[in-house]
Amino acid sequence: MKIGIIGGGASGMMAAISAKRKNPQYEVHIFERNEILGRKINATGNGRCNFTNLCFDKNFYFGEERDRILSILEAFSPNDTLDFFNDLGVLYHLKDTYAYPRSEQAATVVDAFTQELNHLGVVLHCNAAVTAVDRTKQGYCLRTEQQNFFFDKIIIASGSKANPKLSGYGDGYLFGKKLGLQIVPVLPALVQLVVANNPLKTAAKTRCYARVTSVIDQQEGDSHKGELQITDYGISGILVFQISRHISKALWEKKRASVLLDFMPEYTKEEVLRLLTKYFYHSRTTSCENVMAGFFHRKVGKVLLKQSGIDGNKKNTTISKKDLEVLLKNIKEMKLTITDTKGFDSAQICQGGISLKEINPQTMESYQYPGLYITGEVLDADGICGGYNLQWAWATGNLAGRNV
Ligand SMILES: Cc1cc2nc3c(=O)[nH]c(=O)nc-3n(C[C@H](O)[C@H](O)[C@H](O)COP(=O)(O)OP(=O)(O)OC[C@H]3O[C@@H](n4cnc5c(N)ncnc54)[C@H](O)[C@@H]3O)c2cc1C
C-alpha cells in the first residue's frame, strides 16, 4: 500500500508516523513545499511551541460541525499528546495547564518528528509542492512540477492560509474546491484588530492589564482578561486574539463590530470611583496626569484623560465630579469601533475551510472520495489560543494515519 501525504506540518507528520507505526509495511511519502519540515511549528508559542493544553472545554472550539469536532478530539486526548511526545523523548513542562517542551524550544518538537520519520522509513520530499490532486482508476495522482506520483491513498494535510510567510499557502482549499468538496468561508482568526481613528495611538507600544469584550450589532459577546498590547493601528495580545474570530466573522457578514475595554478589570466600577475620588482630591499630587500615572502607564493615563476631555496639566484637586464620572466611564467601558482585522498575513490561524460534513469523523476519510483523508487546519475547525489548534492537528493526523 502506498500513501502520499501533502504537507509536512503538524498534522501531516503525525499522520505519517501513525500510519507507519500501525502498518510498517506501508510505503509512506510526505510532500513538503518548503525546504524543511514543520516551519510553522517552529514559530508556535513564540518559538516555544505550546503543543497542547490539559484544560478542555467544548466551547474552546468553533466550526459549523461542532459535534464532529468534539468527537474527533475525543479520539486523541491532550494526555495522548503528552505520551506521544514522551515516547519521542520530548519531555514537557506545564505552565498552569499549558504544555510546552521542557527545552522551551519548538525546534525540539520538529527535530523529534524528523528523527522518528527517518527511523520509520517515511520517504520525505522537501521543496516539492503538490500542484494538483487527481483521482485515478487505482487511487490518486499527486502532481509536482518535477514528476507525477501515484498512490493508493492520500492525505491532504496542507494547512490553512494563515501567515503565508510561515507556510500558510492555502493550497488545500484549492484542491478541495477542484474536487467539489464543500468549503466554509475561510477568514482570519487569532488576529490583531484595527480600530477606527485609533484613540489609543499615542500609547502605541505599551502593554497594560485589561478586559476586552466583543460587541456585535450592539450585543455583548465573549470577554477575556489579560495583557492588552496597544499598537498604532489598534489592539493586540492573547485576550484580543481570543475574541478576534467572532469579530472577523461579524465584519465579513457586514455587521457592526466594536469592543469594550476595561482598563481596571480587577476593580468594580464603584471601587474605581472610590479610588479616583480619593487620589484626585489628594493635595500632595500636582496634576491630573500625575494622579493617572499612579494608576496606569503614563501614556495610557494621558489617553484616558484626553478621551475624557480633561487637561492633564490641570491641578487635580480642581477637577469636577462630572469629569470624574466621564473618566470612570472611559476607564471601565471605553468603546472602540473595529473596522478590520490585520488579515491572513498576521493571523495565527484560519476559521472555516473544508466542511466536516465531507469527512467521516471516525476516520477522517472523505465520503465522496474513498481513500482520500483530510487533516488539520485546512478543515472547518478552529480553537482558541493556548495549544488547542496543535491539539486539533495531532488528533486529526493521528486518526487519519491510524485509519488510512
Ligand atoms: C505564529 C503562530 C503561532 C502559533 N502558535 C501556536 C501555539 O503555540 N499553539 C497551537 O496550538 N497552535 C499555534 N499555532 C497554530 C498551529 O501552528 C497550526 O494550527 C498548525 O500548525 C496546523 O497544522 P497543519 O498540519 O494543519 O498545518 P501546518 O502545520 O501549517 O502544515 C502544513 C504544511 O503543508 C505544507 N504545504 C502547503 N501546501 C503544500 C503543497 N501544495 N505541497 C506540499 N506541501 C504543502 C506547508 O508548507 C506546511 O508545512 C500558531 C500559528 C502561528 C502562525
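Just above, that's the structure.
Analysis parameters
- Residues numbered from 1 in each chain as written.
- Predicted model: local features only at pLDDT ≥ 70, side-chain atom pairs only at ≥ 80, totals over all residues.
- Heavy atoms only, no water.
- Near = heavy atom within 4 Å.
- Polar contact = N/O pair within 3.5 Å; in protein donor to acceptor, adjacent residues only side chain to side chain.
- Areas by Shrake-Rupley, 256 points an atom, 1.4 Å probe, with all protein chains shown as cover.
- Helix = DSSP H or I, 4+ residues; strand = E, 2+ residues; numbered from the N terminus.
- Pairing = 2+ DSSP bridges.
- Axes fitted to C-alpha atoms, helices over the stretch in contact; angles between N-to-C directions.
- Contact = heavy atoms within 4.5 Å.
- Salt bridge = Lys/Arg side-chain N within 4 Å of Asp/Glu carboxyl O.
- Buried < 20%, exposed > 50% of the residue type's maximum accessible area, 1.4 Å probe, protein only.

Engineer: Any chance you could explain the site of the ligand here in plain terms?
Structural biologist: Surveying the vicinity of the ligand reveals 35 residues, the closest of which are Ser-11, Glu-32, Asp-171, Glu-377 and Leu-390. Note that a nitrogen atom of the ligand is positioned 2.9 Å from one of the backbone N or O atoms of Asn-50. Contact between the ligand and Asn-389: an oxygen atom at 3.3 Å from a main-chain N or O atom of the residue. Protein contact buries 95% of the 1,000 Å² of open area that the ligand shows by itself. For the shell around the ligand, the elements supplying multiple residues, two or more each, are α1 (10-22), α2 (39-43), α6 (171-178) and α13 (388-403). With four residues, α13 is the single largest residue contributor to the shell around the ligand.

Engineer: Even after reading the chapter, I still don't get the sheet that holds strand β13 (residues 193-195), so can you show me in this structure?
Structural biologist: Two strands in a sheet stick together by hydrogen bonds in their backbones, pointing the same way (parallel) or opposite ways (antiparallel). If you walk around this closed barrel you meet the six strands as β13-β16-β15-β14-β17-β18, and the pairing is antiparallel. Neighbour-to-neighbour, the strand axes of this sheet turn through a mean angle of 45°, independent of strand direction. With three bridges joining them, β13 and strand β18 (residues 334-341) adopt antiparallel strand pairing. Residue pairing in the sheet places Val-194 in a bridge with Asp-340 of β18. The strands touched by helix α11 (residues 321-333) are β17 (257-262) and β18; relative to β17, the strand with the most contacts, the crossing angle is about 110°.

Engineer: Please clarify how the pattern of salt bridges should be interpreted in this entry.
Structural biologist: Two side chains carrying opposite charge are able to pair once their charged atoms lie near each other. Here the structure, examined in full by the defined rule, presents 17 salt bridges. In this structure, the salt-bridge partner of Glu-116 is Arg-21, at a minimum N-O distance of 3.0 Å. Linking Glu-116 in helix α5 (residues 106-120) with Arg-21 in helix α1, this pair joins segments that are 95 residues apart in sequence. On the basis of relative accessible area, Glu-116 is assigned to the buried category, the value being 14%. Taken together, the shared-partner salt bridges in this structure form one network comprising Arg-21, Asp-87 and Glu-116.

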